[in-house]
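Residue strings, one per chain:
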Amino acid sequence: MAPYVADWRGRYRGTAACVIEPADVDGVARAVRVIAARGGRIVPQGGNTGMVGGGVPGSDPAVMEVVLSLRRMNRVRDVDVLDNVLVAEAGVILKNAQHAAREAGRLLPISLAAEGSAQVGGVVSTNAGGINVLRYGCARDLLLGLEVVLADGSIWNGLRRLRKDNTGYDLKQLFIGAEGTLGVITAAAFRLSPLPQAQASAFLAVPSPEAAVRLLRHLQSELGDCLSAFELIERVCMELVLGSISETQSPLHSTSPWYVLAEFSTPMKGLAIKEMVEQCLTTAFELDLVSDATLAQNETQRAKLWRIREEITEAERRHGPSVKHDISVPVSRMADFLAAAPAAVLAAVPEARPLAFGHVGDGNVHFNVLAPEATADRISAVVYDLVAKLGGSISAEHGIGRSKVALLPRYKDDLSLSLMRRLRATLDPTGLFNPGKLVSMQGAAAPGDMEPI
Ligand SMILES: Cc1cc2nc3c(=O)[nH]c(=O)nc-3n(C[C@H](O)[C@H](O)[C@H](O)COP(=O)(O)OP(=O)(O)OC[C@H]3O[C@@H](n4cnc5c(N)ncnc54)[C@H](O)[C@@H]3O)c2cc1C
């Protein structure tokens, strides 16, 4: 049972009475009814790649927690090229869902470094982002429908394929990003996009985050939607990867304090995208937004560029403990954040080593600090206070889970928290799903005593 009761980094551990792995939606519904009748609690679990301990049970001996793994619900039910829709069960691994779409000549654009293990249910429940949000949006933007088992064991069939449906509240939205606190997602319908016909990937040296943001807007105004990913990488991240991950090398001859990995693609056949990117980068050089650049000439080179970005998390893990912050600020404040945050952290913990990388085109960076575990609270307080001051969010894409549940009340307003609690109590009046995650119900009134929403 060990892999089910701890997360992949070994940061969160718990205990479970058992692990249940239903093979279909009726099995999930039966499991929910049986566990509820016995006073148990359910922790829905997908690929267990989450960063915030949301899919790991707690360790309170007074609470009987059962891990409900969706692993066996791994069927792609349908790929419809007229509706441009893929319907997949919750346990389908994201990479397999992408593959099924590609086989049908379509693109499922959600893409993240954990896609070989993360499952559809987990991706939906965390409203996962990834590298293509800039162009295609988060999971929420790509979902047309959901099938969900509710706390009373009923099966809500919201597996619609409609682009337009104004018949009232958009109920599926409640379950997206709910981190398994409102129901068990058993299947999802995703909208698909045309498959790119041509791609270009560029690794660029940029003098500063401010230049990176200006470069982002320059590329978008010249190439529009062709820009699908724009990842900022601080030099220290590159050094960590080159120093600890085999068969990696710097794509550029020069060194720079910051790099950008940008990807461009088009579904239009015959569009000379590489030439267009080259032209656009020539202007970027003239504007001093870029000091060095390389364009991948083939798929192998492209994979090597992306490997540098994707291995940062692993390289960081090999280096030792780090205090992670998955934050967002308005894109216009990104440079301010990246200038102020390291200084604030070093003032609080002089031996710390901050680093930043991530989806800067979405205003989202992973601002991680190599530092002893004991300094984590001090560092995070400084970082999150700065984020709040800049109008940002303490969790851009990883969610709240266990790790930030105590922090949420400090950074979310009282009315929002109250609405979240009342919603949770309405859909799950006995507290069956994922106790202790996302929003604390401790001290909340019993459902019947709560103010109506
Ligand atoms: C190397 C690496 C890179 C990553 N990069 C990104 C990134 O770029 N963008 C990003 O957004 N995330 C990223 N992540 C985080 C993680 O991969 C995503 O959050 C992913 O969506 C989680 O999917 P999972 O199947 O592993 O879910 P799990 O970790 O198993 O669960 C996550 C949450 O969803 C709930 N849940 C799972 N399945 C269901 C279900 N069927 N019904 C209801 N609730 C459910 C769980 O209870 C838990 O709260 C990364 C992780 C790693 C390890």
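The structure presented is a predicted model; accordingly, all values stated were derived computationally and were not measured.

How each quantity is defined
All residue numbers refer to position in the chain's written sequence, counted from 1. This being a predicted model, a pLDDT of at least 70 is required before a residue's local features are given, and a value of 80 or more before pairs of side-chain atoms are given or counted; all residues contribute to the totals for chains, interfaces and linings. As a rule here, side-chain values come from all non-hydrogen atoms in the structure, and water together with hydrogens is ignored. Proximity criterion: a residue is near a molecule or strand once any of its heavy atoms comes within 4 Å of it. Polar contacts, as counted here, are pairs of nitrogen or oxygen atoms within 3.5 Å of one another; within protein the pair requires one atom able to donate a hydrogen and one able to accept it, and residues that are adjacent in sequence qualify only if both atoms are side-chain atoms. Values of accessible area rely on a 1.4 Å probe in the Shrake-Rupley scheme; residue burial ignores everything except the protein chains shown. Each helix corresponds to a stretch of at least 4 residues labelled H or I by DSSP, and each strand to a stretch of at least 2 residues labelled E; elements are numbered beginning at the N terminus. Classification used: nonpolar for Ala, Val, Leu, Ile, Met, Phe, Trp, Tyr, Cys and Pro, charged for Asp, Glu, Lys and Arg, polar for all others including Gly. Salt bridges are identified by distance alone: a Lys or Arg side-chain nitrogen within 4 Å of an Asp or Glu carboxyl oxygen. Stacked, edge-to-face and tilted are the three classes for Phe, Tyr and Trp ring pairs, Trp counted by its six-membered ring, which pair at centre distances within 6.5 Å; planes under 30 degrees apart are stacked, over 60 edge-to-face, the rest tilted. Only protein chains enter the accessibility calculation, which uses a 1.4 Å probe; a residue whose area is less than 20% of its type maximum is buried, one above 50% is exposed, and one in between is partly exposed.

## Considerations on the site of the ligand
Then, in step 1: Contacts to the ligand come from 35 residues, most closely from Pro44, Gly46, Gly47, Thr49 and Gln119.
Then, in step 2: A distance of 2.8 Å separates an oxygen atom of the ligand from a polar atom in the backbone of Gly47.
Then, in step 3: Interatomic distance of 2.9 Å between a backbone N/O atom of Ile185 and a nitrogen atom of the ligand.
Then, in step 4: Across the complex, the protein chains shield 94% of the 970 Å² of accessible surface that the ligand would expose by itself.
Then, in step 5: Every element with two or more residues in the shell around the ligand is listed here: strand S2 (41-45), helix H3 (120-125) and strand S9 (184-191).
Then, in step 6: Here the element with the most residues in the shell around the ligand is H3; it accounts for four residues.
Then, in step 7: For the shell around the ligand, the per-class residue count stands at 13 nonpolar, 20 polar and two charged.

## Focus on the pattern of salt bridges
Between side chains of opposite charge, a pair can form as their charged atoms come close.
Then, in step 1: What the rule picks out here adds up to 20 salt bridges.
Then, in step 2: The salt bridge involving Arg302 is made with Glu263; its shortest N-O contact spans 2.7 Å. You can see Arg302 sitting in helix H10 (residues 299-310) and its partner Glu263 sitting in strand S13 (residues 258-266), a full 39 residues away along the chain.
Then, in step 3: Close ionic contact of Arg302 with Glu299 constitutes a salt bridge, the shortest N to O distance being 3.0 Å. Taken as a pair, Arg302 and Glu299 lie in helix H10 at a separation of three residues, close to a single helical turn.
Then, in step 4: A single salt-bridge network, built from bridges that share partners, covers Arg75, Arg77, Glu89 and Glu147.

## Overview of the packing of aromatic side chains
Then, in step 1: Counted by the stated rule, this structure contains four aromatic pairs.
Then, in step 2: Note on Phe203 and Tyr259: the rings are 5.6 Å apart at their centroids and 40 degrees apart in plane angle, and the pair reads as tilted. In this pair, Phe203 is assigned in strand S11 (residues 198-206) and Tyr259 in strand S13, connecting sequence segments 56 residues apart.
Then, in step 3: Accessibility expressed as a relative area gives 2% for Tyr259, which makes it buried.
Then, in step 4: Centre to centre, the rings of Tyr384 and Tyr411 are 6.0 Å apart; their planes meet at 65 degrees, and the pair counts as edge-to-face. Placement of Tyr384 in helix H13 (residues 376-389) and of Tyr411 in helix H14 (residues 408-411) is noted, with a sequence separation of 27 residues between them.
Then, in step 5: For Tyr411, a relative accessible area of 22% puts it in the partly exposed group.

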